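Fold and geometry: a report
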Amino acid sequence: MRIAKTNREISEPPSNATTDDSNVGNSNDSSAVSTGIVNNGVVNNGIVSKSNGSGPSRGKGVSRRQAYAMWGLGMAGYVFAITCRSSFAASGIVAAQHFGVSSAALSSFVYLQLLVYAAMQIPAGILLDSYGAKRLIGAGCLLMSVGQCLVALSPSIPFAVLGRAFVGGGDALVFISVIRLVAAWFPLRQLPLMNQLTGQVGGVGQLISLYPFAWLLHLAGWERAFLLVAAIGVVIAIGVIMGVHDTPQWRSGSRARKRGSFAAGWRNLLGALKSPATWCGFWIHSATWFPSNMLNQLWGVPFLITVEHFSPGRASSYLAVGMVLNVVWAIVLGRLAGIHPLYGRAVMVYISVGSQILLWTLILLIPGPHNAILLGLLIVALASGGPCANIALDFARDGNTINSIGSATGFANTGGFISSAIVLLGVGALLDMQGASDPSAYTSHAMRVATLIQYPVWAIGLIGFSITLPAALRKIRQRFVTLHEV
């Protein structure tokens, strides 16, 4: 028997293994290992996989074409989710004029949406275990379509805010469901790459909101633009329901994993919350991602127009460069995290957050507009935040037993959305406090002061990460050693 040597081999179980949740993931790691599945030799998170560490997780006889077809259908739902999530980024000023609201009120649209997303992450994980990826992706697309219809037809602000809440709820169901599809249909050795690609290809939705949707909004008007997006969501939902299968064994009706109850799901959550790695992942996610999210979700275009004197088209292009850099960073950081799974991950988090703080500080201290070099360095640093936030999921996964991993990753994934919601609302509130409650009143000084809200959020995230990191590393190292010994 060859014992797994790498973090990837240890932490990624083959998803077509059949497990009994009553026997897997007991209170200590050694019991989790002893009750794992044996499949030719290498321990993987309490499950033993093929001796080469790269045995397929998809079912026997499943072609690569089938696997990519399932992923492609799921990704259609995720791209739609990102488009809906970021549609206010391209329409922020238009939205303020359409509804006649202040900056703080405009922030509340996205603020509520992100809070709903964060609050739904853990329930979504339990629903996923109960009903499967296909149903959740389809339901998520339909919920987002309802939300976009409410935004399009809303006679008043409360209905529009409710619409964004529907968008947040539907959005919360999609990403983790696509990740589950990836685990079910692709070989074990491809899972890290496919997970990174899932997150980054979803960024196409932001490009859609910045270009085609912004063009459609200008050409067809508010109501027709949002209604068309809603109609596309219905079409995608139908395609997912008709074409997606949760596992390669769908013809026989077998399931890759025994469905758990809501009570079991909450017990798993409590177990995950006892692990310092779960909390470490939460703080990583909360500290790394929100600056780029603030720009892409709402305040990027107004900031660039006001402070840097960009045209709307140039501002959208600048943000689009960040989407491309996200993919580059995802490949680089994914490779480095695989080579250096413990301290290397921590160093990457500190470098990413430190560079973002440094460059934002220079932007705020030096009067704008700024030169191309400084702005280029800023977007490079900000683009590292999203891929670096995925390290949070690595900590949550590697520091928990099998049946707690879903709850742990769901909880860790809420960190960035909570911090993003705080910053998005804070920018709007600080603009209002300076009398810049209307886009026509935005000034370079007011915008730069408003973005100071990022610094206390960075401080809290870094302090939480630094406090929980030593215990998290001990937990992960202990888990690795236990698995190696077995």
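Higher on the page you've got the structure.
Read on for a plain summary of the structure. As the structure is a prediction and not an experimental result, all values here were calculated from the model.

It is worth spelling out the overall build of the protein at this point. Within the protein one finds 22 helices and two strands. In the protein, which comprises 486 residues, the share counted as buried stands at 56%. Accessible area for the protein stands at about 18,800 Å²; split by element, carbon and sulfur atoms hold 68% of it.

The terminal C-alpha atoms of helix α14 (residues 290–307) lie 20 Å apart, and with 18 residues this falls more than 12% below the ideal 26 Å at 1.5 Å per residue. At Trp299, α14 shows its strongest bend, of approximately 90 degrees, with the proline Pro302 following within four residues. Of all 18 residues in α14, 17 are buried; the element is thus mostly enclosed. Note on α14: the residue one or two positions beyond its end, His309, has a positive phi of about 60 degrees.

So, on to the nonpolar core. Counting 115 residues, the largest nonpolar core has Phe88, Trp299, Trp360, Phe395 and Leu431 as its most contacted members. Broken down by element, this core gets its largest block of residues, 13 residues, from helix α7 (residues 157–185). With five residues, the next largest nonpolar core counts Ala272, Ala396, Ala408 and Ala412 among its residues.

A full pass over the atoms with the stated rule returns 17 aromatic pairs. Note on Tyr68 and Phe186: the rings are 5.0 Å apart at their centroids and 80 degrees apart in plane angle, and the pair reads as edge-to-face. In this pair, Tyr68 sits in helix α3 (residues 64–85) while Phe186 sits in the loop between α7 and α8 (191–201), placing the two residues 118 residues apart along the sequence. Given a relative accessible area of 33%, Tyr68 falls into the partly exposed group. Both rings, one in Phe310 and one in Tyr318, keep their centres 6.0 Å apart while their planes meet at 75 degrees; by these two values the pair is edge-to-face. Three or more aromatic residues joined by ring pairs make a cluster, and in this case those are Trp279, Phe282, Trp283 and Phe411. Lying over the aromatic face of Phe395, Arg345 brings its terminal NZ or CZ to 6.0 Å of the ring centre.

One non-glycine residue, His309, adopts positive backbone phi at about 60 degrees. By secondary structure assignment, the location of His309 is in the loop between α14 and α15 (312–339).

Our next topic: the pattern of salt bridges. Scanning the model with the defined rule gives one salt bridge in all. Here Arg85 and Asp171 are joined by a salt bridge, their closest N and O atoms 2.6 Å apart. With Arg85 in helix α3 and Asp171 in helix α7, the pair connects residues that are 86 residues apart, well separated along the chain. Of the two residues, Arg85 and Asp171, both sit in the buried class.

This part covers the side chain of Thr468. As for its placement among the helices and strands, Thr468 is situated in helix α22 (residues 454–485). Classification of Thr468 by relative accessible area gives buried; the value is 15%.

On to the packing of helix α13 (residues 276–288) against helix α16 (residues 343–365). Following both chains from N to C, one finds α13 and α16 inclined at 25 degrees, their axes separated by 10 Å at the closest point. As judged from the angle between their axes, α13 and α16 are roughly parallel. When you trace α13 past α16, the crossing you get is left-handed. Along its contact with α13, which presents Ile284, Ala287 and Thr288, the element α16 presents Val349, Val353 and Gln356. Along the lines of polarity and charge, the residues of the contact of α13 with α16 split into four nonpolar, two polar and no charged.

About the criteria used
Residues numbered from 1 in each chain as written. Predicted model: local features only at pLDDT ≥ 70, side-chain atom pairs only at ≥ 80, totals over all residues. Heavy atoms only, no water. Helix = DSSP H or I, 4+ residues; strand = E, 2+ residues; numbered from the N terminus. Buried < 20%, exposed > 50% of the residue type's maximum accessible area, 1.4 Å probe, protein only. Areas by Shrake-Rupley, 256 points an atom, 1.4 Å probe, with all protein chains shown as cover. Expected span 1.5 Å × (residues − 1). Bend = angle between axes of the 7 residues up to and from the residue. Core = buried A, V, L, I, M, F, W, Y, C linked by side-chain atoms within 4.5 Å. Phe/Tyr/Trp six-rings, centres within 6.5 Å; stacked < 30°, edge-to-face > 60°. Lys NZ or Arg CZ within 6 Å of the ring centre and 35° of its normal. Salt bridge = Lys/Arg side-chain N within 4 Å of Asp/Glu carboxyl O. Axes fitted to C-alpha atoms, helices over the stretch in contact; angles between N-to-C directions. Parallel < 35°, antiparallel > 145°, perpendicular 65-115°, else oblique. Left-handed = near helix turned anticlockwise from the far one by under 90°. Contact = heavy atoms within 4.5 Å. Nonpolar A, V, L, I, M, F, W, Y, C, P; charged D, E, K, R; others polar.

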